[in-house]
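Summary of structural features
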Amino acid sequence: MSQKAELPSLTGHRTKTRKRDEKKVNDPSGFRDSLIEGLARAGVGGVDLEDLEVQVDLDAVYKFLDTAGNKLDYRRYGEVLLEILIAGGLLAPGGSIQQDGEKGMVQTRACVFQDAVDLERVKAWDQVFIKLMRRYKYLEKMLSEEMRKIFVYLRGFTQEHRTRLAQVTALWVASGLILPNTLVVIINEHQVKDSVALDFMLDVLSVVKTEKGSSAVLTLLKRSGLDNMLDQLFPTNKRTPENMKNAFISAGQPDIVTYLAGLENAGAKKDIQRSLRISISDEEPIKEIIRDLKESVKKNGLLEQEAVAMIWSAVMSAVEWNKKEDLVHEQALKHLKNYISLFSAFTSSAKSEMVLCNKVQEYCYDNQNFLKCFNKIVLLFYKTEVLSEEVILKWYKDGHVPKGWTVFMDQMKKFIDWLEQAESESEEESDEED
């Protein structure tokens, strides 16, 4: 048998690693040193920033950042870059600037914390960031991530630095440079208990209102998810509606108070609606339903027209309707007759009657089996004095909603003609008596 020849072995051969496979050492401190060294020459007139009397030249700052991106690895150290431009150096846990052995605290004055002395200067810095993001698109996503980290350190910053951070944050969330939900990070126990989170958020909202208006404040709260978490900005022992109201009014944000009242009102309405549906489904005595509903309406400051809208919804959802159109009409009228006293108790004003008229109209249009039943329901409410002649005529003339109007106009024409004729005869009899 022939044996395979042994393959020769190479000794002393060194395999060359491809450049793309070489692992780069992570060196944020080295990147920091290079960046700060370059920023040091961004003083007005090219003067070094070590001279504390020299102002930062933001044009020079951007020019350096623009060209340095060709040499410094922004993709790898993007968050480090942004951290230095905001805080002046690398942040240690807690929010202080990192110490670096014999070098001590390594930082630059060419940053938001040190240089943005007022809102106008903050806006100038905002433009630096905007231009930088346009030049290096990938930094935009990194900015939101970096802000999530910085927001956790609010308590470690001075009040002055927190104010400047709040101002630039407001500009960035208003313009979409960072994601609105980034703000949720500020809510954590150690920042809430000393009202640091609340004060910071109020500063943010103040700038948003100044720059974009009150509507932008509410839009920001909704997009960030903070609209349902505002109470969590307050320390546990101050988490009351009264304290929240006073805090937002004092901060010049009455629209937030109105909005919160609306949310509370909506929550109360949902609870009342749920309770009403249960009472109707359980066939509780109508007198008890009227009593409980009147108490709830009074307690929560609801209007009668809001109550009658809830009654209509609850009454119509309490039944499994017949699928056949001709049978559902009879079923609907029979069902509604059982709740005439409930409707009557909450239609003491023309406004409430009009709301009921339009709710019936919308329901009959949205549920096609009821399309031909509309005039029968209105006639039932008219005969039982839930709806008055004046309101029905007003509804027909200009009080109706657009939904299905052409269909219901034709349905109601004969009844309306009859009402108008009866009204005319009544006026003639009155004139004869005079």
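For the structure itself, look to the data block above.
Presented here is a report on the structure given in the accompanying data block. Note that the structure is predicted; figures quoted are calculated from it, not measured.

**A word on the nonpolar core**
One finds Val61, Leu65, Phe129 and Leu165 to be the most contacted residues of the largest nonpolar core, which totals 87 residues. Looking at which element gives the most residues to this core, the answer is helix 9 (residues 196-212), with ten residues. Filtering out sequence-adjacent residues up to four positions away, Leu165 remains in contact with Ile86, Phe113, Met147, Ile150, Phe151, Leu154, Phe157 and Phe200. In terms of nonpolar packing, the next biggest core, distinct from the first, is built from 55 residues, Val328, Ile340, Leu387 and Trp405 among them.

**Some points on the side chain of Arg164**
Its location among the elements puts Arg164 in helix 7 (residues 159-175). A residue is classified by how much of its surface remains accessible, and Arg164, at 9% relative accessible area, is buried. If near-sequence neighbours (up to four positions away) are discounted, Arg164 is found in contact with Val112, Phe113, Gln114, Asp115, Ala116, Val117 and Val122.

**Topic: the pattern of salt bridges**
Taken as a whole and assessed by the stated rule, the structure comprises 17 salt bridges. Among the salt bridges present, the one from Lys372 reaches Glu325, with a minimum N-O distance of 4.0 Å. In this pair, Lys372 sits in the loop between helix 17 (350-366) and helix 18 (374-383) while Glu325 sits in helix 15 (residues 325-337), placing the two residues 47 residues apart along the sequence. Glu325 gets classed as partly exposed once you look at its relative accessible area, which sits at 29%. We note a salt bridge from Lys359 to Glu362, for which the minimum N-O separation is 3.9 Å. Placement of the pair is Lys359 and Glu362 together in helix 17, with a separation of three residues, close to one helical turn. Overlapping salt bridges bring together Glu120, Lys123 and Glu211 as one network.

The rules behind each value
- Chains are numbered independently. Their residues run from 1 in the order of the written sequence.
- Where local features are concerned, this predicted model is filtered to residues with pLDDT of at least 70; where side-chain atom pairs are given and counted, the filter is 80 or more; whole-chain, interface and lining totals use all residues.
- Note that water and hydrogens are dropped before the side-chain values are worked out from all heavy atoms of the structure.
- Nonpolar core, defined: a set of buried Ala, Val, Leu, Ile, Met, Phe, Trp, Tyr and Cys residues in which side-chain atoms within 4.5 Å join the residues together.
- Accessibility here uses a 1.4 Å probe with only protein chains present; expressed as a share of the type maximum, an area under 20% marks a residue as buried, one over 50% as exposed, and anything in between as partly exposed.
- Under the scheme used here, helices are H or I runs from DSSP no shorter than 4 residues and strands are E runs no shorter than 2 residues, and both carry numbers assigned from the N terminus.
- For this analysis, residues touch if any pair of their heavy atoms sits within 4.5 Å.
- In the sections that follow, a salt bridge refers to a side-chain nitrogen of Lys or Arg positioned within 4 Å of a carboxyl oxygen of Asp or Glu.

Any functional reading would require information that these geometric values do not contain.
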